[in-house]
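Summary of structural features
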Amino acid sequence: MAELQEVQITEEKPLLPGQTPEVAKTHSVETPYGSVTFTVYGTPKPKRPAILTYHDVGLNYKSCFQPLFRFGDMQEIIQNFVRVHVDAPGMEEGAPVFPLGYQYPSLDQLADMIPCILQYLNFSTIIGVGVGAGAYILSRYALNHPDTVEGLVLINIDPNAKGWMDWAAHKLTGLTSSISEMILGHLFSQEEMSGNSELIQKYRNIITHAPNLENIELYWNSYNNRRDLNFERGGDVTLKCPVMLVVGDQAPHEDAVVECNSKLDPTQTSFLKMADSGGQPQLTQPGKLTEAFKYFLQGMGYMASSCMTRLSRSRTASLTSAASIDGNRSRSRTLSQSSESGTLPSAPPGHTMEVSC
């Protein structure tokens, strides 16, 4: 396994008082399925995992995660963890277009690249944060390497392979829509698309005019050819680490995430449905997601002294118990937190937290 490239970059972004610029080091390593590029921020912390992110189709690590990791309240987290942002092959900035006939890796093969990254960095464990296709990739990796994953934050995950009806709909859509419009429909809700907000215009421009659009289409095809993860509550195929599932209300993948929640271990899984966040909560509601992430890390035993400021000031934080094994639902409970509250009370495992604030 050989290092192909290492570039040191100083991230250009507004600094908080007393904050020093982050230094990013970008690396590329060879794997059995081709080269993969990733960017490392910070330095490893003793006895702490790395935060490893994986982006969705049509995006790269910057366009997918930058608003979240630049958010002011996130600085407390990134000061406590080294983080690794993985770009899917051919998605990194300045990536050359793959030659005609190039066989792009499957999502399973993309997951199999992650051990090469961790071996190169000499990192033993991670907390994964993935969106869409990236959430699937990190889940597949966690199934194959459970001892190296301490926790997962999965946004917009669809663990199911496409059925024949999905394939038919996809083919029909392809006859009337461009690749960029199909990917936008995967990323954002119909309501957002119809509103044509500044955010939609920005990402439509990014995807439509991407110099590596051919590469993006290859990643898109791999996503649409994904295998079923075959999660089974109480079965052998399940995620063994703490998991936070995240989806926006009325997001394109809301039903898939709800179904995923019903298949995972309720003692290990939290389900966060975010109001007014659309299809990409990490872009539209970075504050709420940051606070939920802090809460998740606290539940894992990290950042115990972190102060919860946003969710605790929410007008409503309702905790609705997730579906039990036999499909029945327990009585819902609503907890209203005042602004004086330092932290949210510990939620019972396997609960749904719907945030409306």
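All values derive from a computational prediction rather than experimental measurement.

Bringing the overall build of the protein into the picture now. Summing up its helical and strand segments, the protein has 13 helices and 12 strands in all. Relative to its full complement of 357 residues, the protein shows a buried share of 53%. The long-range share in the protein, meaning contacts at least 24 apart out of those at least 6 apart in sequence, stands at 73%. For the protein, the exposed area adds up to about 15800 Å²; of that, 50% sits on carbon and sulfur atoms.

In terms of burial, strand β3 (residues 34–41) is a largely internal element, 6 of the 8 residues being buried. Sheet topology note: the strand β2 (residues 23–31)/β3 ladder contains 8 bridges and is antiparallel. Directly across from His 27, in β3, lies its bridge partner Phe 38. What sits between the antiparallel neighbours β2 and β3 is a turn of 2 residues.

Side-chain positions along a regular strand alternate between the two faces of the sheet. Here strand β5 (residues 83–87) lies mainly inside the structure; 5 of its 5 residues are buried. Side chains Arg 83, His 85 and Asp 87 project from β5 onto one buried face, and the interleaved Val 84 and Val 86 project onto a second face that is buried too. Here strand β4 (residues 50–54) pairs with β5 via 4 bridges, running parallel. Bridging from a neighbouring strand, Leu 52 pairs with Val 84 of β5.

A few words now on the confidence of the model for the protein. In this model, the protein carries a mean pLDDT of 83, and residues with pLDDT of at least 70 account for 75%. Confidence drops under pLDDT 50 across residues 1–15; counting only partners more than four residues distant or on other chains, this segment forms 47 contacts. In the predicted structure, residues 310–349 sits below a pLDDT of 50 and forms 77 contacts with residues beyond four places in sequence or in another chain.

The subject of this paragraph is the nonpolar core. If you look at the biggest cluster of nonpolar residues, it comprises 91 residues, and the most contacted ones within it are Val 84, Leu 152, Tyr 219, Leu 245 and Phe 293. Here the element with the most residues in this core is helix α5 (residues 133–144); it accounts for 7 residues. Residues in contact with Tyr 219, not counting those within four places in the same chain, are Tyr 54, His 55, Asp 56, Val 57, Ala 88, Met 91, Tyr 104, Leu 107, Leu 110, Ala 133, Gly 134 and Ile 137.

With that settled, consider the pattern of salt bridges. A side chain of one charge can pair with a side chain of the opposite charge if their charged atoms are brought near each other. Taken as a whole and judged by the stated rule, the model has 8 salt bridges. Notably, a salt bridge pairs Lys 62 with Glu 93, separated by 3.6 Å at the nearest N-O pair. Within this pair, whereas Lys 62 is found in helix α1 (residues 61–69), its partner Glu 93 is found in the loop between β5 and α3 (107–111), the two being separated by 31 residues in sequence. Lys 62 gets classed as partly exposed once you look at its relative accessible area, which sits at 22%. Residues participating in the shared-partner salt-bridge network are Asp 108, Arg 140 and Arg 227.

This brings us to the packing of helix α4 (residues 114–121) against α5. Put simply, α4 and α5 touch, their axes get as near as 11 Å, and they point 75 degrees apart. Comparing the axis directions of α4 and α5 gives the class roughly perpendicular. Touching Ile 114, Pro 115 and Leu 118 of α4 are Ile 137, Leu 138 and Tyr 141, all from α5. Grouping the constituent residues of the contact of α4 with α5 by class yields 6 nonpolar, no polar and no charged.

This part takes up the side chain of Arg 83. Within the fold, Arg 83 resides in strand β5. Within polar-contact distance, the side chain of Arg 83 engages the side chain of His 85 at 2.9 Å.

Let's shift gears to the packing of helix α7 (residues 179–187) against helix α10 (residues 213–224). In a pair of packed helices, the angle between the axes and the distance between the axes together describe the arrangement. Close contact between α7 and α10 brings their axes to 11 Å; oriented N to C, the two are set at 50 degrees. In terms of orientation, α7 and α10 fall into the oblique class. Classified by chirality, the crossing of α10 by α7 is left-handed. Taken together, the residues of α10 that come into contact with α7 (itself represented by Ile 179, Met 182, Ile 183 and His 186) are Ile 216, Glu 217, Trp 220 and Tyr 223.

A positive phi angle, close to 60 degrees, is found at Asn 122, a residue other than glycine. You can see Asn 122 is positioned in the loop between α4 and β6 (126–131). Judged by relative accessible area, which is 69%, Asn 122 ranks as exposed. Residues other than glycine seldom take positive phi values, yet Asn 156 does so here, at roughly 60 degrees. Mapped onto the fold, Asn 156 is located in the loop between β7 (149–155) and α6 (164–176). Classification of Asn 156 as buried rests on a relative accessible area of 0%.

This paragraph deals with the environment of Glu 232. Looking at the secondary structure, you find Glu 232 in the loop between α10 and β8 (243–248). Considered as a pair, Glu 232 and Asp 265 are 33 residues apart in the sequence and their alpha carbons are 8.5 Å apart. Setting aside anything within four residues of it in sequence, one finds Glu 232 in contact with Val 237, Thr 238 and Lys 263.

Calculation rules
- Residues numbered from 1 in each chain as written.
- Predicted model: local features only at pLDDT ≥ 70, side-chain atom pairs only at ≥ 80, totals over all residues.
- Heavy atoms only, no water.
- Helix = DSSP H or I, 4+ residues; strand = E, 2+ residues; numbered from the N terminus.
- Buried < 20%, exposed > 50% of the residue type's maximum accessible area, 1.4 Å probe, protein only.
- Contact = heavy atoms within 4.5 Å.
- Areas by Shrake-Rupley, 256 points an atom, 1.4 Å probe, with all protein chains shown as cover.
- Pairing = 2+ DSSP bridges.
- pLDDT = per-residue confidence, 0-100.
- Core = buried A, V, L, I, M, F, W, Y, C linked by side-chain atoms within 4.5 Å.
- Salt bridge = Lys/Arg side-chain N within 4 Å of Asp/Glu carboxyl O.
- Axes fitted to C-alpha atoms, helices over the stretch in contact; angles between N-to-C directions.
- Parallel < 35°, antiparallel > 145°, perpendicular 65-115°, else oblique.
- Nonpolar A, V, L, I, M, F, W, Y, C, P; charged D, E, K, R; others polar.
- Polar contact = N/O pair within 3.5 Å; in protein donor to acceptor, adjacent residues only side chain to side chain.
- Left-handed = near helix turned anticlockwise from the far one by under 90°.

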